[in-house]
Structures are given as structure tokens and as C-alpha cells.
Amino acid sequence: MRTATWPGGSRRRRGHRPVLAEFRLTWRQAVVRGLRWGGLGSGAAIVIAGALPGQGDLGELGWVAVLAPLPLGVLCGTADRLRTRVRLDEAGLCGRAYRTCAPVAWSRVVDVRAERRRDRTVVAVYLGDAAPLRLPAPYDGGLFDRDPRFEQKLVLLCQVWEAHRHGSWEPESRALR
């Protein structure tokens, strides 16, 4: 979690708003996600190898085909950590997973709360005129997907929203003048 920096570093640029907070998957969540993908790939390789006629045992190449998806899955999980982000700034929040960032203005946000979805607790942002937006990060999962700072991140997100909602937010750019 990063807080109160300018996009692209510490230098202030014209036209850019400071990033109040940025949330990503934790390293543990990314590795677990990658291991799940790799495990699915290994399972598919075992099923395919077992379905081939005349293949009683797996040779050396077969074991490579079974075990290779695990490290590839970990690499994909790491790349997923780099891609998945939620950024808070003065204008609103921007949640990005696999597509471009779709900014949501603070004036459109009606409520921010934690909800249970399947085996995870995710942050849901309720909008006045649309369906709720479920943020890709932060989230708190089961035994291996646990984020020990999930509650802190949720409280920070709620505080920033409340400050913008009640107009008590004083942007850094105005405070410096």
C-alpha cells in the first residue's frame, strides 16, 4: 500500500493529482493465485497424458509437462500482482485488473463496505446510478489468501471517501498555496 505520492515519483507535475493510496495484491496472494493456475495446468497435463492411448507411465518428458505449469503459474501470479491495482486520488478511485482504468468520481459513491463473495471478503463500492463496483484489491481470503492489513486498507478507503463526501478534504495543492 502506497500513500500520498505524486504519479511517477516525488516530483510534482502540472496537471497531475497526487495519489492518496494505491492497493495491490499482496505477494502471498499473488503466489497463491499463481500456484492455483499452475496446479490447474498440471492437472490438465495429467488428464491429457492419461487419456492418450499406450501411455502406461510418464516418461521424463511427461514429468516436465506435468511440473512445468507450476513455475509458469507463479510467474503469471506475479504479473497479476503488477497489473491489479486500485488507486485513490482527489478526483475519485480507479480500479484496474485486466482492462484499462475506469475512474469513478467520489460524488457518485454512495457507500463503501466489505462483503463476502464466495470464499473472500472484498471491498464493494456502491454507486448511486449503477451496480456496485467490487474492487480487485484489497481483499481478504481464506487460509492462504489472508491479507493481514485488510482492515487498515478498508478503513483508509472509507476515511478518504467520507472526507470527500462531507467536503472536509483539503487537497495538498490548495494547502501549499
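For the structure itself, consult the block above.
Keep in mind that this is a model prediction, so the values were computed, not measured. (Residues numbered from 1 in each chain as written. Predicted model: local features only at pLDDT ≥ 70, side-chain atom pairs only at ≥ 80, totals over all residues. Heavy atoms only, no water.)

> Explain the pattern of salt bridges here, please?
Pairing is possible between side chains of opposite charge, provided their charged atoms come close. Summed over all chains, the structure comprises 10 salt bridges. Between arginine 108 and aspartate 129 there is a salt bridge, with its nearest N and O atoms 3.3 Å apart. One end of the pair, arginine 108, is in the loop between β5 (102-105) and β6 (109-117); the other, aspartate 129, is in the loop between β7 (120-127) and β8 (133-140), and 21 residues separate them in sequence. Accessibility expressed as a relative area gives 32% for arginine 108, which makes it partly exposed. Put simply, lysine 153 and aspartate 147 hold a salt bridge, and the shortest N to O gap is 3.0 Å. Look at aspartate 147 and you get buried, because its relative accessible area is 4%. (Salt bridge = Lys/Arg side-chain N within 4 Å of Asp/Glu carboxyl O. Helix = DSSP H or I, 4+ residues; strand = E, 2+ residues; numbered from the N terminus. Buried < 20%, exposed > 50% of the residue type's maximum accessible area, 1.4 Å probe, protein only.)

> Would you explain unusual backbone geometry in this entry?
A negative phi angle characterises most non-glycine residues, just as the trans form characterises most peptide bonds. With an omega of -5 degrees, the peptide bond between alanine 137 and proline 138 qualifies as cis. Here proline 138 is to be found in strand β8. We note that arginine 118 has phi near 55 degrees; this positive angle belongs to a residue other than glycine. Turning to its location among the elements, arginine 118 is positioned in the loop between β6 and β7. We classify arginine 118 as exposed; its relative accessible area is 84%.

> Just checking my understanding: could you explain the side chain of aspartate 145 for this structure?
With respect to the helices and strands, the residue aspartate 145 is situated in the loop between β8 and α4 (150-165). A polar side-chain atom of aspartate 145 sits 3.1 Å from a polar atom in the side chain of arginine 36. (Polar contact = N/O pair within 3.5 Å; in protein donor to acceptor, adjacent residues only side chain to side chain.)

> Looking at this structure, how should I read the pairing of β8?
Remark: a regular strand shows side chains that alternate across the two faces of the sheet. Of the strand pairs in this sheet, β7 and β8 are connected by 4 bridges, and their pairing is antiparallel. In the sheet register, valine 122 faces β8, and the bridge partner there is tyrosine 139. Taking the residues that link successive antiparallel strands as the turn, the β7-β8 hairpin has 5 residues. (Pairing = 2+ DSSP bridges.)

> Just checking my understanding: could you explain the nonpolar core for this structure?
Inside soluble globular proteins, nonpolar side chains tend to come together where they are buried. One finds Leu88 and Val109 to be the most contacted residues of the largest nonpolar core, which totals 23 residues. For this core, the secondary structure elements donating two or more residues are β2 (19-24), β3 (85-89), β6, β7, β8 and α4. Sorting elements by how many residues they give to this core places α4 first, with 5 residues. The residues contacting valine 109, other than those within four sequence positions of it, are Val104, Val125, Tyr126, Leu127 and Trp161. (Core = buried A, V, L, I, M, F, W, Y, C linked by side-chain atoms within 4.5 Å. Contact = heavy atoms within 4.5 Å.)

> Is there a simple way to think about the pairing of β3 in this case?
Counted residue by residue, β3 has 4 buried out of 5 residues, so it is predominantly covered. Sheet topology note: the β2/β3 ladder contains 5 bridges and is antiparallel. The residue of β3 that forms the bridge with phenylalanine 23 is valine 86. With 4 bridges connecting them, β3 and strand β4 (residues 92-96) associate as antiparallel partners. Looking across to β4, one finds that arginine 87 is bridged to cysteine 94. Between the end of β3 and the start of β4, which pair antiparallel, lie 2 residues.

> What am I meant to see in helix α1 (residues 27-51) here?
For an α-helix the count is 3.6 residues per turn, leaving residues at separations of three or four pointing the same way. End to end, α1 covers 36 Å across 25 residues, agreeing with the expected 36 Å (1.5 Å per residue, within 8%). Of the positions making up α1, those classed as buried are Gln29, Ala30, Val32, Arg33, Gly34, Gly38, Ser42, Ala45 and Ala49. (Expected span 1.5 Å × (residues − 1).)

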